[in-house]
Amino acid sequence: MKQQELIPAIIQHAETNQVLMLGYMNDESLAKTKEEGKVTFYSRSKKRLWTKGETSGNFLNVTSIQEDCDNDTYLIKVIPEGDTCHKGTYTCFREKEPTGFLHELQGVIQSRKDNPSEKSYTTELFQKGTKKIAQKVGEEATEVILEAMDGKKDLLIEESSDLLYHFLVLLADQGLKLEDVEAKLMERHLKK
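Because the structure is a prediction, the values reported are computed rather than measured.

Draft legend 1. Quick peek at the environment of Glu81. Note on placement: Glu81 falls in the loop between β6 (74-80) and α2 (101-114). In this structure, the C-alpha to C-alpha distance between Glu81 and Val39, residues 42 residues apart in sequence, is 12 Å. With sequence-adjacent residues up to four places away left out, Glu81 is seen in contact with Lys38, Gly57, Asn58, Phe59 and Asn61. Side chain to side chain, Glu81 and Asn61 meet in a polar contact 2.8 Å long.

Okay, here's the thing in structure tokens:
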């Protein structure tokens, strides 16, 4: 197949409008995409049609297909099933890792899960299991409520810090990240 027969296809999240990836399509892959409702590209490396998600299960479910004004690029809006990038990220265009201390703390917590340390409280929580971690989240949430009702702002900050920490541990325990929660909040925001 010649390069000029391939047309770039920009894949965009239908609800958040975030650009997820870029692939290439020919007439056959476009027809299959329209027929099955799942994005199918022509893989330049595999030299064949390739349905995104055929091995990972992370399909891109099509909501609309548009051509640009010159008819030489497609804009395909999708609802993704799982991560889009083969590197395990939501989008292929992540310029850098998320910033902010909560994301840094999340990395430390994941490190304690992956490389246990006998001196680490976080490691101790992972070793006690999901039930204990979830229990700690519940305890800290209750303490946040009590401090808020008492109007003790300093203590509210202390307990909120404990709640956020234990919540991040629970997410890591379940194989989830703060980014998963952020994506859901963004999705809900955009539906309003």
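So, next bit.
Draft legend 2. Looking closely at the packing of helix α3 (residues 121-128) against helix α5 (residues 153-173). Running from N to C, α3 and α5 point in directions that differ by 50 degrees, and their axes come no closer than 11 Å. Classified by the angle their axes make, α3 and α5 are oblique. Handedness of the α3/α5 crossing: right-handed. Contact with α3, carried on its side by Tyr121, Thr122, Leu125 and Phe126, involves Tyr165, His166, Val169, Ala172 and Asp173 of α5 and no other residues of that element. Residues of the contact of α3 with α5, tallied by class, amount to six nonpolar, two polar and one charged.

Draft legend 3. Representation of the pattern of salt bridges in the model. Tallied over the entire structure, the rule returns five salt bridges. The partner of Lys136 in a salt bridge is Glu140, and the shortest N-O contact between them spans 3.7 Å. Of this pair, Lys136 and Glu140 both sit in helix α4 (residues 130-150), four residues apart, which is roughly one turn of the helix. We classify Lys136 as buried; its relative accessible area is 16%. Overlapping salt bridges, with partners in common, bring together Lys136, Glu139 and Glu140 in one network.

Draft legend 4. Here's a closer look at the UniProt feature "domain: Phosphoribosyl-AMP cyclohydrolase" (unreviewed entry) in the protein chain. The UniProt record marks residues 21-93 with the feature "domain: Phosphoribosyl-AMP cyclohydrolase" (unreviewed entry), using the residue numbering of this structure. Along residues 21-93 one finds 14% helix and 38% strand; the C-alpha atoms at either end are 7 Å apart.

Draft legend 5. How the structure looks around unusual backbone geometry. Positive phi values are uncommon outside glycine, yet Lys47 reaches one of about 60 degrees. Inspection of the secondary structure puts Lys47 in the loop between β3 (40-43) and β4 (48-51). Of note, the phi angle at Asn71 is positive, near 55 degrees, even though the residue is not glycine. Mapped onto the elements of the fold, Asn71 is located in the loop between β5 (60-67) and β6.

Draft legend 6. Geometry of the pairing of β4. Both β3 and β4 contribute to a ladder of four bridges, which runs antiparallel. By the bridge assignment, Ser43 is partnered in β4 with Arg48.

Draft legend 7. Geometry of the layout of surface pockets. Each pocket or cavity is described by its volume, and for the second largest pocket that value is around 430 Å³. Lining the second largest pocket are 21 residues, and of these Met21, Phe41, Trp50, Lys52 and His86 lie nearest its centre. If you list the elements that add at least two residues to the lining of the second largest pocket, you get β2 (19-25), β3 and β4. Here the lining of the second largest pocket takes four residues from β2, the largest share from any one element. Its residues assigned to classes, the lining of the second largest pocket comprises eight nonpolar, nine polar and four charged.

Draft legend 8. Layout of the pairing of strand β1 (residues 7-13). With respect to burial, β1 is a largely interior element, five of its seven residues being buried. Looking at chain direction, β1 and β2 are connected through six bridges and run antiparallel. Directly across from Gln12, in β2, lies its bridge partner Val19. Counting the residues that bridge the hairpin from β1 to β2 gives five residues, and of these Asn17 lies at a positive phi of roughly 65 degrees. Two elements, β1 and β6, share five bridges in a ladder whose sense is parallel. When the sheet's bridge partners are listed, Ile10 is paired in β6 with Leu75.

Analysis parameters
- Residues numbered from 1 in each chain as written.
- Predicted model: local features only at pLDDT ≥ 70, side-chain atom pairs only at ≥ 80, totals over all residues.
- Heavy atoms only, no water.
- Helix = DSSP H or I, 4+ residues; strand = E, 2+ residues; numbered from the N terminus.
- Contact = heavy atoms within 4.5 Å.
- Polar contact = N/O pair within 3.5 Å; in protein donor to acceptor, adjacent residues only side chain to side chain.
- Axes fitted to C-alpha atoms, helices over the stretch in contact; angles between N-to-C directions.
- Parallel < 35°, antiparallel > 145°, perpendicular 65-115°, else oblique.
- Left-handed = near helix turned anticlockwise from the far one by under 90°.
- Nonpolar A, V, L, I, M, F, W, Y, C, P; charged D, E, K, R; others polar.
- Salt bridge = Lys/Arg side-chain N within 4 Å of Asp/Glu carboxyl O.
- Buried < 20%, exposed > 50% of the residue type's maximum accessible area, 1.4 Å probe, protein only.
- UniProt positions renumbered as here; feature names shortened; annotations may be inferred.
- Pairing = 2+ DSSP bridges.
- 1 Å grid on protein atoms, 1.4 Å probe; cavity = no way out; pocket = protein on both sides within 12 Å on 5 of 7 lines; lining within 4 Å.
- Points joined across faces, edges and corners; volume = space filled by probe spheres on them.

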